[in-house]
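Chain residues, written in single-letter form:
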Amino acid sequence: MVEFKKKRCWSCNSLEVIKWGKQQGKQRFKCKNCGIHFTFTNQGVSRHNRFRWFKDWVLGRQTILQISKISGYSPRTLQLYFDYYLSKRPVFHVKPSEKLNLLMDGTYFANKLCLVLYRDNTIKYTQLYRITDGEWYEEIKEDIANLLSIGVQIESITCDGHKSVLKAIRSADKSILVQRCVVHVQRMCKIWLTSKPKSDAGFELLLIVNKLHRIENRTQWGYWVVELIDWNEKHKDFIAEKSYNPETGRFWYKHKMVRRSFVVIKRALPDMFHYLENPRIPKSTNGIESFFGHLKGHLAIHRGLTKTHFKGFIQWYLWFKNNQ
């Protein structure tokens, strides 16, 4: 009696495989455990092709129906293949550097997930990521400490100035330069001041704020700082005005938006211009915000992912981008 070797499913490694007709003259099989259909031709080539189609699905902005026409596989089969990859987690590798200049920011998704990225601005490489539900002090401190513990020498971190982020960086290592995102400071001030401020103080401060992103050397910085100091001397009584609320029995700043804009600039000032001394330090987080925009654009094409597969898609997207 001749014994035949049992076929094993490539997806779930199960031996519960049965014959399921023929396809283009080749024996077709079905796995009773996970339900996929496949043929045994050249498994190495088949796996390579499946992974390539998965990459096209993640990075190429192609739908399963479009890939189905190219590959010859049914949408259902492709969905099973892609679900298999999404359930796995790619292995990330940190690239140590003597002087690492990081862009660090978080972005939120509709399913209450938050992606925090630590991206090397010089080589455009994601050194570390965390999928969580917010930008929390303890988690960010742990992430930075983990990078430092494996020999990564962080020279600077450019961030948007979130309180928990600033506190975490300084707690992890006080020698790390914190570069406040100039564009973020400018954007927030322009929102609070509006495009047409009603007061002279607000209008003059808006003109000063509009020059912020154009400062490229210490001479321009000096003129800008003098202009800001002169504005404060001229309008310090105006921004200090308070009004009394008889209902609460408390005093409130009368021109709070103008005052808020000035206070934000004043507090960020010591950490806003490290890039003037070191050209390797990015002055804004625009690079990482653009990266987030592209990621969300790709996710929008593949609506309906489960939360687990949603996380998997993000992880594979970051991995593919790192290995391009």
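Refer to the structure presented above.
Small disclaimer: the values here were computed from a predicted structure and weren't measured.

## A look at the overall build of the protein
Then comes step 1: In terms of helices and strands, the protein carries 11 helices and 10 strands.
Then comes step 2: A compact globule built from 324 residues would reach a C-alpha radius of gyration of about 20 Å, whereas the protein, at 27 Å, exceeds it by more than 25%.
Then comes step 3: Seen through its principal axes, the protein has C-alpha atoms that stretch 100 × 50 × 35 Å.
Then comes step 4: In the protein, which comprises 324 residues, the proportion classed as buried is 43%.
Then comes step 5: Sequence-distant contacts in the protein: of pairs separated by 6 or more residues, those separated by 24 or more amount to 56%.
Then comes step 6: As displayed, the protein has an accessible area near 18,500 Å², and 52% of this comes from carbon and sulfur atoms.

## Considering the pattern of salt bridges
Then comes step 1: Evaluation of the coordinates by the stated rule reveals 10 salt bridges.
Then comes step 2: We note a salt bridge from Arg170 to Asp271, for which the minimum N-O separation is 2.7 Å. Of the two residues, Arg170 is situated in helix 5 (residues 163-172) and Asp271 in the loop between helix 9 (256-268) and helix 10 (286-301); the sequence distance between them amounts to 101 residues.
Then comes step 3: We classify Asp271 as buried; its relative accessible area is 16%.
Then comes step 4: A salt bridge links Lys211 to Glu227, with the nearest nitrogen and oxygen atoms 3.0 Å apart.

## Focus on the pairing of strand 6 (residues 125-132)
Side-chain positions along a regular strand alternate between the two faces of the sheet.
Then comes step 1: Pairing of strand 5 (residues 114-120) with strand 6, which is carried by seven bridges, proceeds in the antiparallel orientation. Of the residues in strand 6, the one forming a bridge with Tyr118 is Leu128.
Then comes step 2: Counted along the chain from strand 5 to the antiparallel partner strand 6, the turn is four residues long, and its residue Lys124 has a positive phi close to 55°.

## A closer look at helix 9
Because each turn of an α-helix spans 3.6 residues, side chains separated by three or four positions end up pointing in the same direction.
Then comes step 1: Taking 1.5 Å as the rise per residue, helix 9 with 13 residues should run 18 Å; its terminal C-alpha atoms sit 18 Å apart, in good agreement.
Then comes step 2: Those residues of helix 9 not exposed but buried are Val258, Ser261, Phe262, Ile265 and Ala268. Buried residues along helix 9 cover an arc of 140° about the axis, so they all sit on one side. Exposed residues lying more than 90 degrees from the buried face of helix 9 are Lys256, Lys266 and Arg267.
Then comes step 3: The elements touched by buried residues of helix 9 are strand 8 (177-180), helix 6 (182-193), helix 7 (200-210) and helix 8 (218-239).

## So, the sheet that holds strand 5
Across a sheet, strands are paired by hydrogen bonds formed along the backbone, either parallel or antiparallel in direction.
Then comes step 1: The strand order 6-5-4-7-8 describes an open sheet built from five strands, whose pairing is mixed. In this open sheet, the two edge strands, each paired with only one partner strand, are strand 6 and strand 8. Strand-to-strand twist across the sheet, computed as the mean angle between neighbouring axes with direction ignored, equals 20°.
Then comes step 2: Here strand 7 (residues 154-159) pairs with strand 8 via four bridges, running parallel. Pairing of Thr158 across the sheet is with Gln179, part of strand 8.
Then comes step 3: Against the sheet, helix 4 (residues 137-149) engages strand 4 (100-108), strand 5, strand 6 and strand 7, with an angle of about 150° to strand 6.

## Focus: the packing of helix 10 against helix 11 (residues 307-322)
Then comes step 1: Between helix 10 and helix 11, the least distance of the axes is 11 Å, while the angle of their chain directions is 130°. Comparing the axis directions of helix 10 and helix 11 gives the class oblique. Judged by the sense of rotation from one axis to the other, the crossing of helix 10 with helix 11 is right-handed. Listed contacts from helix 11 to Phe291, His294, Leu295, His298 and Leu299 of helix 10 are Phe310, Phe313, Ile314, Tyr317, Leu318 and Lys321.
Then comes step 2: Residue composition of the contact of helix 10 with helix 11, grouped by class: eight nonpolar, two polar and one charged.

Reading guide: rules and limits
- Residues numbered from 1 in each chain as written.
- Predicted model: local features only at pLDDT ≥ 70, side-chain atom pairs only at ≥ 80, totals over all residues.
- Heavy atoms only, no water.
- Helix = DSSP H or I, 4+ residues; strand = E, 2+ residues; numbered from the N terminus.
- Rg over C-alpha atoms; globule rule 2.2 N^0.38 Å.
- Buried < 20%, exposed > 50% of the residue type's maximum accessible area, 1.4 Å probe, protein only.
- Contact = heavy atoms within 4.5 Å.
- Areas by Shrake-Rupley, 256 points an atom, 1.4 Å probe, with all protein chains shown as cover.
- Salt bridge = Lys/Arg side-chain N within 4 Å of Asp/Glu carboxyl O.
- Pairing = 2+ DSSP bridges.
- Expected span 1.5 Å × (residues − 1).
- Arc of directions from axis to C-beta.
- Axes fitted to C-alpha atoms, helices over the stretch in contact; angles between N-to-C directions.
- Parallel < 35°, antiparallel > 145°, perpendicular 65-115°, else oblique.
- Left-handed = near helix turned anticlockwise from the far one by under 90°.
- Nonpolar A, V, L, I, M, F, W, Y, C, P; charged D, E, K, R; others polar.

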